Amino acid sequence: MAVVGEQRAGCDGCGRTVALEELTTVTMPDGERVVCCPECEPHARAAARKGNSLDQRRDACDGCTGTYLTTELEDVVLEDGTVLTCCPSCAAEARDRRGTDTDATDGDGTDSSADGSDRGANDRPEGEESRCSQCHGPVSDERFRVTTIDGRTERLCPDCKIDAEENGIVADVDMRKTRAREVLGVDADASDEAIREAYHRQVKRAHPDRKSGSRSAFALVTDAYERLCEDD
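Sequence positions are assigned chain by chain, starting from 1 and proceeding in written order. Totals for whole chains, interfaces and linings use all residues, but because this is a predicted model, local features are given only for residues with pLDDT of at least 70 and pairs of side-chain atoms are given and counted only at 80 or more. Only heavy atoms go into the side-chain values, all of them from the structure, while hydrogens and water stay out.

**Considerations on the environment of Leu-184**
Condition: Numbering of helices and strands runs from the N terminus, with a helix taken as a DSSP run of H or I at least four residues long and a strand as a DSSP run of E at least two residues long. By the convention used here, residues are in contact when the closest approach between their heavy atoms is within 4.5 Å.
Structurally, Leu-184 is set in helix α4 (residues 177-184). Separated by 16 residues in sequence, Leu-184 and His-200 have C-alpha atoms that sit 9.4 Å apart. Each residue touching Leu-184, except ones within four places of it in the same chain, is listed here: Ile-195, Ala-198, Tyr-199, Gln-202, Val-221, Ala-224, Tyr-225 and Leu-228.

**Thoughts on a negative patch on the surface**
Quick note on the threshold: Only residues whose relative accessible area exceeds 30% and that form no salt bridge are eligible for patches; like-charged ones are grouped when within 9 Å, while nonpolar side chains (Val, Leu, Ile, Met, Phe, Trp, Tyr) are grouped when within 5 Å. Values of accessible area rely on a 1.4 Å probe in the Shrake-Rupley scheme; residue burial ignores everything except the protein chains shown. Basic side-chain nitrogens of Lys or Arg form a salt bridge, by our definition, when they fall within 4 Å of a carboxyl oxygen of Asp or Glu. The sign given to each residue is positive for Lys and Arg and negative for Asp and Glu; His and the chain ends receive no count. Where a charge sits is defined by one atom per residue type, namely NZ (Lys), CZ (Arg), CG (Asp) or CD (Glu).
Judged by side-chain charge, Glu-72, Asp-159, Asp-163 and Glu-166 come together as a negatively charged surface patch. Assignment of secondary structure puts Asp-159 in helix α3 (residues 158-166).

**What to know about α4**
What counts here: Each residue's exposure class comes from its accessible area (1.4 Å probe, protein chains only) as a fraction of the maximum for that residue type: buried when under 20%, exposed when over 50%, partly exposed otherwise.
Counting buried residues in α4 gives seven out of eight residues, a clear majority hidden from the surface. Along α4, the residues classified as buried are Lys-177, Arg-179, Ala-180, Arg-181, Glu-182, Val-183 and Leu-184. Trailing α4 by a residue or two, Gly-185 shows a phi angle of about 75 degrees, which is positive.

**Points about the pattern of salt bridges**
When the charged atoms of two side chains lie near each other, side chains of opposite charge can form a pair. A complete count under the given rule lists nine salt bridges for this structure. Arg-145 is the salt-bridge partner of Asp-174, the closest N and O atoms lying 2.5 Å from each other. In this pair, Asp-174 sits in the loop between β12 (170-173) and α4 while Arg-145 sits in strand β10 (residues 144-148), placing the two residues 29 residues apart along the sequence. A salt bridge links Glu-165 to Lys-161; the nearest nitrogen and oxygen atoms lie 3.2 Å apart. Taken together, the residues span about one helical turn, with Glu-165 and Lys-161 both in helix α3 at a distance of four residues. Residue class for Lys-161 comes out buried when judged on its relative accessible area of 14%. Put simply, Arg-145, Asp-174, Arg-227 and Glu-230 are held in one network by salt bridges that share partners.

**Considering the packing of aromatic side chains**
Under the convention used in this document: Put simply, two rings from Phe, Tyr or Trp (the six-membered ring, in Trp's case) pair if the centres are within 6.5 Å, and we call them stacked under 30 degrees between planes, edge-to-face over 60, tilted for the rest.
In this structure the tally under the stated criterion is one aromatic pair. Taken together, a centroid distance of 4.3 Å and an interplanar angle of 15 degrees make the contact between Tyr-199 and Tyr-225 stacked. Highlighted residues: Tyr-199 in helix α5 (residues 192-206) and Tyr-225 in helix α6 (residues 215-228), separated in sequence by 26 residues. You'll find Tyr-199 and Tyr-225 in the same group, each marked buried.

**Things to note about the packing of α5 against α6**
Heads up, the condition is: Axis definition: a line fit to C-alpha positions, over the contact stretch in the case of helices; interaxial angles, taken between N-to-C directions, run 0 to 180 degrees. Any angle that falls under 35 degrees is termed roughly parallel, while one over 145 is termed roughly antiparallel, one within 65 to 115 roughly perpendicular, and all others oblique. Here the nonpolar group is Ala, Val, Leu, Ile, Met, Phe, Trp, Tyr, Cys and Pro; Asp, Glu, Lys and Arg are the charged ones; every other residue, Gly included, is treated as polar.
Contact pair α5 / α6: the axes reach a minimum separation of 8 Å and the direction vectors enclose 170 degrees. What the angle tells us is that α5 and α6 run roughly antiparallel. Side by side, α5 and α6 meet where Ile-195, Arg-196, Tyr-199, Gln-202, Val-203 and Ala-206 of the first sit next to Ala-217, Phe-218, Val-221, Thr-222, Tyr-225 and Leu-228 of the second. When the residues that make up the contact of α5 with α6 are grouped by side-chain class, the tally is nine nonpolar, two polar and one charged.

**Brief notes about the environment of Arg-45**
Considering the arrangement of structural elements, one finds Arg-45 in helix α1 (residues 41-49). According to the relative accessible area criterion, Arg-45 is partly exposed, its value standing at 36%. Residues Arg-45 and Met-28, 17 residues apart in the sequence, show an inter-C-alpha distance of 8.1 Å. Setting aside chain neighbours within four positions, we find Arg-45 in contact with Thr-24, Thr-25 and Val-26.

**Looking at the confidence of the model for the chain**
Short version of the rule: Scored from 0 to 100, pLDDT reflects the predictor's confidence in each residue.
Summarising the model, the chain shows a mean pLDDT of 76, and 74% of its residues fall at 70 or more. When the criterion is pLDDT under 50, residues 1-5 qualifies, and its contacts beyond four places in sequence or with other chains add up to 11 contacts. Here residues 100-128 is a poorly scored stretch, pLDDT under 50, and it has 42 contacts once near neighbours within four places are set aside; other chains count.

**Points about the nonpolar core**
The test is simple: Definition used in this section: a nonpolar core is a set of buried Ala, Val, Leu, Ile, Met, Phe, Trp, Tyr and Cys residues joined via side-chain atoms within 4.5 Å.
Leu-184, Val-186, Ile-195, Tyr-199, Val-221, Ala-224 and Leu-228 are the most contacted members of the largest nonpolar core, which has 18 residues in total. At the level of secondary structure, the elements contributing two or more residues to this core comprise α4, α5 and α6. The dominant element in this core, judged by the number of residues it contributes, is α6, at six residues. Each residue touching Ala-224, except ones within four places of it in the same chain, is listed here: Met-175, Ala-180, Val-183 and Leu-184.

Have a look at this one:
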């Protein structure tokens, strides 16, 4: 806890400076005592109950410069290889500017826009496979593959994914294949060879040793390729 002056101190969760009387001490499973602001206290207590860790760290969006939880931010690779860390709104806008989500067409002029008219089979499976494994509601877009803290694999709709994260039961969320194809710049029906070629092009541009690259861009491209190599 960083004390500022005599009356204010920093929250161990989000790092914000608040009045001392607003802070609450929470003991984590490993015995560490953290001090939390009113907003972080419920997350800390939930994490302590589930044996998890407190992570309410925040960072700025490269687009709107607003401050968000780091778990809400995502990396977006621009056409020149620049990687931006964006909030959901700015990330969607950046993708729209690239033409990957809207007004995109295949070589034969077939619309492959965000309405899902030209998605791969893994993105919009039929029947039961198109339903969220938590609420069982129909999902029009690709579901999130989530690993819970007790080792279960769930395929969730966006709302259930957010609920699971807020409840502190999420250990990992895999990159969606639609996102992976966006990072590599390939279509939903791209062959394995086309995906490999796109990966080699992108990974060279993203390499930290290059002016256009960085560690985060390199990791993002690698994660995207590995995700597309998986069966589901």
